[in-house]
Protein chains: 2
Amino acid sequence: MKKTIGILGGMGPLATADLFRKIVLMTPASCDNDHIRVIIDSNPQIPDRTRAILEGGEDPVPQMLSALENLEKCNVSCIIMPCNTAHYFIDRLREHAHTPFINMLEVTAKRCAALFPGKTAGVWGTTGTLKTGLYTRALEQAGVKSVLPDEKGQQVLMDLIYRVKGGETLKDRAPLAELMADMHAAGADYFILGCTELPIVVEQLNPPGDFVDPTAELARAAIAFCLE
Amino acid sequence: MKKTIGILGGMGPLATADLFRKIVLMTPASCDNDHIRVIIDSNPQIPDRTRAILEGGEDPVPQMLSALENLEKCNVSCIIMPCNTAHYFIDRLREHAHTPFINMLEVTAKRCAALFPGKTAGVWGTTGTLKTGLYTRALEQAGVKSVLPDEKGQQVLMDLIYRVKGGETLKDRAPLAELMADMHAAGADYFILGCTELPIVVEQLNPPGDFVDPTAELARAAIAFCLE
């Protein structure tokens, strides 16, 4: 029986489309039939994760469970979530799930340890993700040192993330270049694109540097899970 | 109750990802929550449609019904299929469906009639799609005159489609320009990109002319269905 990938998506929708495209492009396939079946629930009614964590905003878990139930009705073999911040809620989702989750932060941390041994990761993400310490802990468990942006740098990231979510095409590379120079000075050797809009930011602005894309790592891990 | 789009996909997977991305980008939205919920079953185990039609290959309908059932379990409000050739089987699918299909060829034909009244469409597609006469009939029903490529022109199209499928980046515009000149001479005023690789061909070669992209038209129609 071939395995099926379930994507609990919509956080945001473009990042979900990006993950799906990466799964297709990264699958070893020479015709349609070599590809892996993928079921997606892109549910943009899931309330903002950052607001829920930092400001006591609406709990996103009920809408996430609605998507989880849809995926399980379709008998998916694993569940992946293309939203770093959403992983804050993964233990609550697992209480209801009958299907294994592949944790995007864990697979990213393992990849960092393998690709850049002894080096320091600069972690980018939403304020919500970074304040929860989710990445720092996942990286520590994989033996990876990390540094975070300062407050000004964090504001630059949030501005870029919300502009991409709003459908804007970015053109001005200067704010991101300044953030990268500041973080290099603070010890960062490479950067983790720890919000699913950030690969799109980097693709549009194309700054020089080394990057680890958790969306691509999640795609790689899900493909390996299904083809092993 | 907000409406949900169901995508019966996997024919091929990259075209499915392209349609999903177009839906996200074409939806009027300024934040995640403005987007439309989309359920996708990308089922690449659906047998080759062209082979089934032209060579008596395996019937794709049972695997298409498997995806249809998944989408209906998730209570989608409409079903769309990002594969021109798959529409050959739409009446058999409708016999089993409890959900309205939006027909890509019909919405494309209506758009042609609205955008280019009285003009003649040059129809591009795979040999399989064109031999079924699917596009010619849909265009006739919308009152749109059309012309097809000649045999040499059809070989040019198939060559470009397979080079894009093989991952090549096209540079030589001459064969396509010659095809367009021949079809202009035969009466074509604009061109329908009736195979999911053709928007990529046109994006890469950027020939001057007017084009209608059925994937974009399908996205537009599904968005309108959900937001009306």
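Residues numbered from 1 in each chain as written. Chains lettered and ligands numbered in written order. Predicted model: local features only at pLDDT ≥ 70, side-chain atom pairs only at ≥ 80, totals over all residues. Heavy atoms only, no water.

Quick notes on the domain arrangement of chain A
Residues and elements named next belong to chain A.
And step 1. Segmenting chain A into domains produces domain 1 (4-103 + 216-227) and domain 2 (105-214).
And step 2. Contacts between the two partners involve 24 residues from domain 1, matched on the other side by 25 residues from domain 2.
And step 3. Across the interface of domain 1 and domain 2, roughly 1,900 Å² is buried in total on both sides, 54% from carbon and sulfur atoms.
And step 4. When the buried area of domain 1 at its contact with domain 2 is split by residue, Asn84, Asn103 and Glu217 rank highest and sum to 35% of it.
And step 5. Summed over the shared surface of domain 1 and domain 2, the result is 2 salt bridges.
And step 6. For Asp213, the salt bridge goes to Lys22, with nearest N and O atoms at 2.6 Å.
And step 7. For the interface between domain 1 and domain 2, the tally reads 16 residue pairs in polar contact (both at pLDDT 80 or more).
And step 8. At the level of elements, α1 (13-26), α2 (49-55) and α11 (214-227) are the ones that each hand at least two residues to the side of domain 1 that touches domain 2.
And step 9. A per-element tally of the side of domain 1 that touches domain 2 places α11 first, with 5 residues.
And step 10. Tallied by class, residues from the side of domain 1 that touches domain 2 come to 12 nonpolar, 6 polar and 6 charged. (Domains from an automatic or database assignment. Contact = heavy atoms within 4.5 Å. Buried area = accessible area lost by both parts, 1.4 Å probe. Salt bridge = Lys/Arg side-chain N within 4 Å of Asp/Glu carboxyl O. Polar contact = N/O pair within 3.5 Å; in protein donor to acceptor, adjacent residues only side chain to side chain. Helix = DSSP H or I, 4+ residues; strand = E, 2+ residues; numbered from the N terminus. Nonpolar A, V, L, I, M, F, W, Y, C, P; charged D, E, K, R; others polar.)

Side note on the layout of surface pockets
Residue and element names in this part refer to chain B.
And step 1. A volume near 300 Å³ is recorded for the second largest pocket.
And step 2. Around the second largest pocket, the lining comprises 14 residues; the ones closest to its centre are His87, Ile90, Asp91, Asn103 and Leu134.
And step 3. Secondary structure elements with two or more residues in the lining of the second largest pocket: α4 (90-96), α5 (104-115) and α7 (134-141).
And step 4. Among the residues forming the lining of the second largest pocket, the class breakdown is 6 nonpolar, 3 polar and 5 charged.
And step 5. Counting contributing residues per domain, the lining of the second largest pocket is built from domain 1 (4-103 + 216-227) and domain 2 (105-214), each supplying no fewer than three. (1 Å grid on protein atoms, 1.4 Å probe; cavity = no way out; pocket = protein on both sides within 12 Å on 5 of 7 lines; lining within 4 Å. Points joined across faces, edges and corners; volume = space filled by probe spheres on them.)

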